[in-house]
Amino acid sequence: MLRPTHIQGVSLKQLSDQFGSPLYVYDGEKIEAQVQALQQAFASVPLRIKYATKALSTLAILQLIREAGAGIDTVSIGEIHVGLMAGHEAKDIMYTPSGVAFKEIEEAVALGVMVNIDSLSLLEKFGKKYGSSVPACLRINPHILAGGNLKISVGHKESKFGISIAQLPQILALVEQYQIPIVGLHVHTGSDIYDAEVFLESGKVLFDAAMHFPKLRFLDFGGGFKVAYREGELATDIQKVGKIVGTAFQEFCARYGRPLEFWIEPGKYLVSEAGYFLTTVNVVKESSSLHFLGVDSGLNHLIRPMMYEAYHEIYNLSNTAGPKATYTVVGYICETDTFGAQRELHEVKEGDVLAIKNAGAYGFTMASNYNMRLRPAEVLIWKGKAQLIRKRETFEDLIANQIPLPS
Ligand code: LLP
């Protein structure tokens, strides 16, 4: 269903009435189905899914992800802690930070989490501190330009991420000098990657590098599978990626001399389509040229349209039939704040509830308190029942850490 009014039999409009607006709603079954789709597409290899926590890091979602059979990839100590709270074992957690203080690396090691090393400087510090006692993974920058836009392309030569593949000799020298047990190699080239061949291309970089590391346990192919944001838009053909990369991986393992685990780190693929952001129309406003819908939210809650010019489908939950009109849906933030320009919606009245699709990934996690606004509540629909998984913020939450000047 393209514009669902109900999820697992639960009315979205009713959730907005019950839990208030604006509201993030997630379809737990959809998340499970996405995990299963990956398991099926990569059935020919020993797959380990490490969900990219940054996409949606709410505790209950991480619990669901664990129950569905996936581990997690994390980028901060906070994400590691919430993952542990959700019942993920340290051994199932990967830590892939970018340029953090060594203190954070020590903290992650003490928690028993695998560290993904992304600079020669860190590799050296790691070797000096731990020698041969702590296994680690290396993040390789494969020099591949891929991804939906430059902001989310992270595997090219000019990206800050990973250790350049051209620096393999320096990597090998440090690994040899400190006897660092390198058990994994990792690449992640970007987000919204449609082309299946990109995963093969970065895989080949991993395969060639891997021949220099005899102690490997896994290769990590990163995330970045693209989902559809609008009707008819293409998504990454997961079956195709599974087939071509899976076959190449098996050939590689034969060359390498033993089977390795095959890791991936999807974020969007698991949660983007499972999320709906519900917002209420405060104002219907006709200017001389446009018909605006001013809603009770803004870029503080869903920044993707303004930050990446991302397209998110918007539809009216309060009026699902009859004539349509063209509207520009705008937020309440005091700067240009557009969710969607010139969209066709069934006629909208003030008070109507709109649904914004693909809000599961990088929606709530990128939300802020800009303009001193409160972040919304989150609801998970799971086994046919809606449950609150995060309370709406209050003004007290917002002010809690502020210290007034003495009077
Ligand atoms: N692995 C690593 C190391 C990553 O840096 C990321 C995302 C992923 C996996 C998951 O990528 P995904 O499967 O979700 O595409 N805020 C942006 C996306 C930033 C992605 C950052 N890294 C957006 O809303 O489009």
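These numbers come from a predicted model, not from an experiment.

Glancing now at a nonpolar patch on the surface. Nonpolar side chains collect at one region of the surface, where Met 372, Leu 374, Phe 395 and Ile 399 lie side by side and expose about 340 Å² of accessible area between them. With respect to the element layout, Leu 374 can be found in the loop between β18 (353-356) and β19 (377-382). Judged by relative accessible area, which is 31%, Leu 374 ranks as partly exposed.

The full count for this structure, using the stated rule, is 17 aromatic pairs. Here the aromatic rings of Phe 42 and Phe 262 are separated by 5.4 Å at their centres, their planes lie at 40°, and the arrangement is tilted. Pair noted here: Phe 42 is in the loop between α2 (28-41) and β4 (47-52) and Phe 262 is in strand β12 (residues 261-264), with a separation of 220 residues, a long-range link. The exposure class of Phe 262 is buried, given its relative accessible area of 1%.

Glancing now at the pairing of β19. Most of β19 sits out of view: six of its six residues are buried. Alternating residues of β19 divide into Ala 377, Val 379 and Ile 381 and Glu 378, Leu 380 and Trp 382, and every residue in both groups is buried. In this sheet, β19 lies alongside strand β3 (residues 23-27) in parallel orientation, the contact comprising five bridges. The residue of β19 that forms the bridge with Val 25 is Val 379. The sheet contact formed by β19 and strand β20 (residues 385-390) spans five bridges and is antiparallel.

Let us now look at the domain arrangement of the chain. Taken as a whole, the chain is organised into domain 1 (6-11 + 14-22 + 274-399) and domain 2 (42-271). Relative placement of domain 1 and domain 2: their C-alpha centres are 33 Å apart. Counting from both sides, the interface comprises 20 residues of domain 1 and, opposite them, 20 residues of domain 2. Summing the contributions of domain 1 and of domain 2, the shared interface buries around 1700 Å²; its carbon and sulfur component is 57%. Between domain 1 and domain 2 we count zero salt bridges in total. Put simply, domain 1 and domain 2 have eight residue pairs in polar contact (both at pLDDT 80 or more) between them. Of all the secondary-structure elements, those providing two or more residues to the side of domain 1 that touches domain 2 are α11 (304-308), β19 and β20.

In this structure, the amide linkage connecting Ser 21 to the following residue, Pro 22, adopts the cis form with an omega of -5°. With respect to the secondary-structure elements, Pro 22 resides in the loop between α1 (12-19) and β3. Positive phi is not limited to glycine here, since Met 372 has a value of about 55°. One can find Met 372 in the loop between β18 and β19. Here Met 372 falls in the partly exposed class, since its relative accessible area comes to 46%.

Rules used in this analysis
- Residues numbered from 1 in each chain as written.
- Predicted model: local features only at pLDDT ≥ 70, side-chain atom pairs only at ≥ 80, totals over all residues.
- Heavy atoms only, no water.
- Patch = residues over 30% accessible without salt bridge, like charges linked within 9 Å, V, L, I, M, F, W, Y side chains within 5 Å.
- Areas by Shrake-Rupley, 256 points an atom, 1.4 Å probe, with all protein chains shown as cover.
- Salt bridge = Lys/Arg side-chain N within 4 Å of Asp/Glu carboxyl O.
- Helix = DSSP H or I, 4+ residues; strand = E, 2+ residues; numbered from the N terminus.
- Buried < 20%, exposed > 50% of the residue type's maximum accessible area, 1.4 Å probe, protein only.
- Phe/Tyr/Trp six-rings, centres within 6.5 Å; stacked < 30°, edge-to-face > 60°.
- Pairing = 2+ DSSP bridges.
- Domains from an automatic or database assignment.
- Contact = heavy atoms within 4.5 Å.
- Buried area = accessible area lost by both parts, 1.4 Å probe.
- Polar contact = N/O pair within 3.5 Å; in protein donor to acceptor, adjacent residues only side chain to side chain.

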